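# Structural features, examined
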Amino acid sequence: MKKRRTALILSFIYCGVGQLYKGQIAKGIDFIFIYTLLIVSVIFSRFSPLLHILSIFVTLLVWLIGMMDAHIDYKRLKRRRRHRRRRKLLTVLLPAVIFV
């Protein structure tokens, strides 16, 4: 399994590279494409100052989302959610079984 910290660092360097490292090729290419377009739009924008600030904000937001996505381990997250569902099911069913 790929290391989450390495994926985070790679995604910090450039958005989408961490996803490529983890083997999520399509998602990594999407992040790289969108992030590159946003950077180009920030550099070459001739909009009003408000739109320029908004485009910088959106670029930073995509970069942060890319880093968070590269760091998340979805297999571990799925296991936790499945375990929580079982625990919730037990907390609901156990009292019902005891009182019946």
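Fair warning: this is a prediction, and the values are worked out from it, not measured in the lab. (Residues numbered from 1 in each chain as written. Predicted model: local features only at pLDDT ≥ 70, side-chain atom pairs only at ≥ 80, totals over all residues. Heavy atoms only, no water.)

This part takes up the overall build of the chain. The secondary structure content of the chain amounts to five helices and zero strands. In the chain, the order of α-helices and β-strands from amino to carboxyl end is α-α-α-α-α. Expressed as a percentage of the 100 residues in the chain, the buried residues total 21%. Looking at the chain alone, contacts between residues at least 24 apart form 52% of all its contacts between residues at least 6 apart. When the accessible surface of the chain is totalled, it reaches about 8000 Å², and 72% of it is carbon and sulfur. (Helix = DSSP H or I, 4+ residues; strand = E, 2+ residues; numbered from the N terminus. Buried < 20%, exposed > 50% of the residue type's maximum accessible area, 1.4 Å probe, protein only. Contact = heavy atoms within 4.5 Å. Areas by Shrake-Rupley, 256 points an atom, 1.4 Å probe, with all protein chains shown as cover.)

The subject of this paragraph is the nonpolar core. Counting residues in hydrophobic clusters, the biggest one holds seven residues: Cys-15, Phe-31, Tyr-35, Leu-38, Val-62, Trp-63 and Met-67. Looking at this core, the elements with two or more residues in it are helix 3 (25–43) and helix 4 (49–71). (Core = buried A, V, L, I, M, F, W, Y, C linked by side-chain atoms within 4.5 Å.)

Glancing now at a nonpolar patch on the surface. On the surface, Phe-47, Leu-51, Leu-54, Phe-57, Val-58, Leu-61, Ile-65 and Met-68 cluster together to form a nonpolar patch covering roughly 760 Å² of accessible area. Mapped onto the fold, Leu-54 is located in helix 4. (Patch = residues over 30% accessible without salt bridge, like charges linked within 9 Å, V, L, I, M, F, W, Y side chains within 5 Å. Salt bridge = Lys/Arg side-chain N within 4 Å of Asp/Glu carboxyl O.)

In the contact formed by helix 1 (residues 4–13) and helix 4, the axes pass within 8 Å of each other and the chain directions differ by 165°. What the angle tells us is that helix 1 and helix 4 run roughly antiparallel. Regarding helix 1 and helix 4, the two cross each other, and that crossing is right-handed. Residues Arg-4, Ala-7, Leu-8, Ser-11 and Phe-12 of helix 1 touch helix 4, and the partners they reach there are Trp-63, Gly-66, Met-67, Ala-70 and His-71. (Axes fitted to C-alpha atoms, helices over the stretch in contact; angles between N-to-C directions. Parallel < 35°, antiparallel > 145°, perpendicular 65-115°, else oblique. Left-handed = near helix turned anticlockwise from the far one by under 90°.)

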